[in-house]
Amino acid sequence: MKTVITYGTFDLFHIGHVNLLKRAKSLGERLIVAVSTDDFNRQKGKTTLVPYEHRHAVVESCRYVDQVISERDWLQKIDDIEKYQVDVFVMGDDWQGKFDELKQHCEVVYLPRTRDISSTAIKQAMAVIAQVERELR
């Protein structure tokens, strides 16, 4: 059985996330998704709108996902690859080249992102809407 793993925050779950998970699952029979904890996101300087427990539950409910684990730090990837006997490590192509050192442990694949959608873009649009609403009051 070929095992695939990917990592992400998965805040404001959207079609880009679905597309990534679907394509990742197509590379093997088993897909493990590591969802970044709130604490790890703070360490990365990221703010999420959806708490970890909710993001975990949403990702877990996706039909392409077989197992969800916590991503607690940058260094756990090699341990996860060994622990879960991972064959393929997958990330979006915005991370192209950043995880090439993992090629000595498994295949590394960078998948194209879905165009015109991201959690960051959604958050930016929400901020603009909030600002306009404040100005209209």
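The coordinates are above.
Scope of this entry: the structure provided in the associated data block. (Residues numbered from 1 in each chain as written. Predicted model: local features only at pLDDT ≥ 70, side-chain atom pairs only at ≥ 80, totals over all residues. Heavy atoms only, no water.)

For the protein chain, the count of helices and strands is five helices and five strands. Tracing the protein chain from N to C terminus, the helices and strands come up as β-α-β-α-α-β-α-β-β-α. Against the globule reference of 14 Å for 137 residues, the protein chain gives a C-alpha radius of gyration of 16 Å, in line with a compact fold. If one aligns the C-alpha atoms of the protein chain with their principal axes, the spans along those axes are about 60 × 30 × 25 Å. Total accessible area computed for the protein chain in this model is approximately 8000 Å², and 52% of it derives from carbon and sulfur atoms. Here the protein chain carries 20 positive and 21 negative side-chain charges, and the mean point of each set is 4 Å from the other. (Helix = DSSP H or I, 4+ residues; strand = E, 2+ residues; numbered from the N terminus. Rg over C-alpha atoms; globule rule 2.2 N^0.38 Å. Areas by Shrake-Rupley, 256 points an atom, 1.4 Å probe, with all protein chains shown as cover. Lys, Arg positive; Asp, Glu negative; His and termini not counted. Charge placed at Lys NZ, Arg CZ, Asp CG, Glu CD.)

This next bit is on a nonpolar patch on the surface. Together, V128, V132 and L136 make up an exposed nonpolar region whose accessible area comes to about 300 Å². Relative to the helices and strands, V132 resides in helix 5 (residues 119–136). For V132, a relative accessible area of 39% gives the class partly exposed. (Patch = residues over 30% accessible without salt bridge, like charges linked within 9 Å, V, L, I, M, F, W, Y side chains within 5 Å. Salt bridge = Lys/Arg side-chain N within 4 Å of Asp/Glu carboxyl O. Buried < 20%, exposed > 50% of the residue type's maximum accessible area, 1.4 Å probe, protein only.)

A few words now on helix 4 (residues 76–83). The α-helix winds at 3.6 residues per turn, so residues separated by three or four positions along the chain end up facing the same way. Among all positions in helix 4, only Q76, K77, D80 and I81 are buried. The buried residues of helix 4 occupy one face: seen down the axis, they fall within an arc of 140°. Those residues of helix 4 that are exposed and angled more than 90 degrees off the buried face are D79 and K83. Considering only its buried residues, helix 4 is in contact with strand 1 (3–8), strand 3 (67–71) and strand 4 (88–92). (Arc of directions from axis to C-beta. Contact = heavy atoms within 4.5 Å.)

Regarding helix 1 (residues 15–25), the residues found buried are G16, H17, L20, L21, A24 and K25. Seen from one end, helix 1 has its buried residues packed into an arc of 165°, which puts them on one side.

Purely geometric numbers; function is a separate question.
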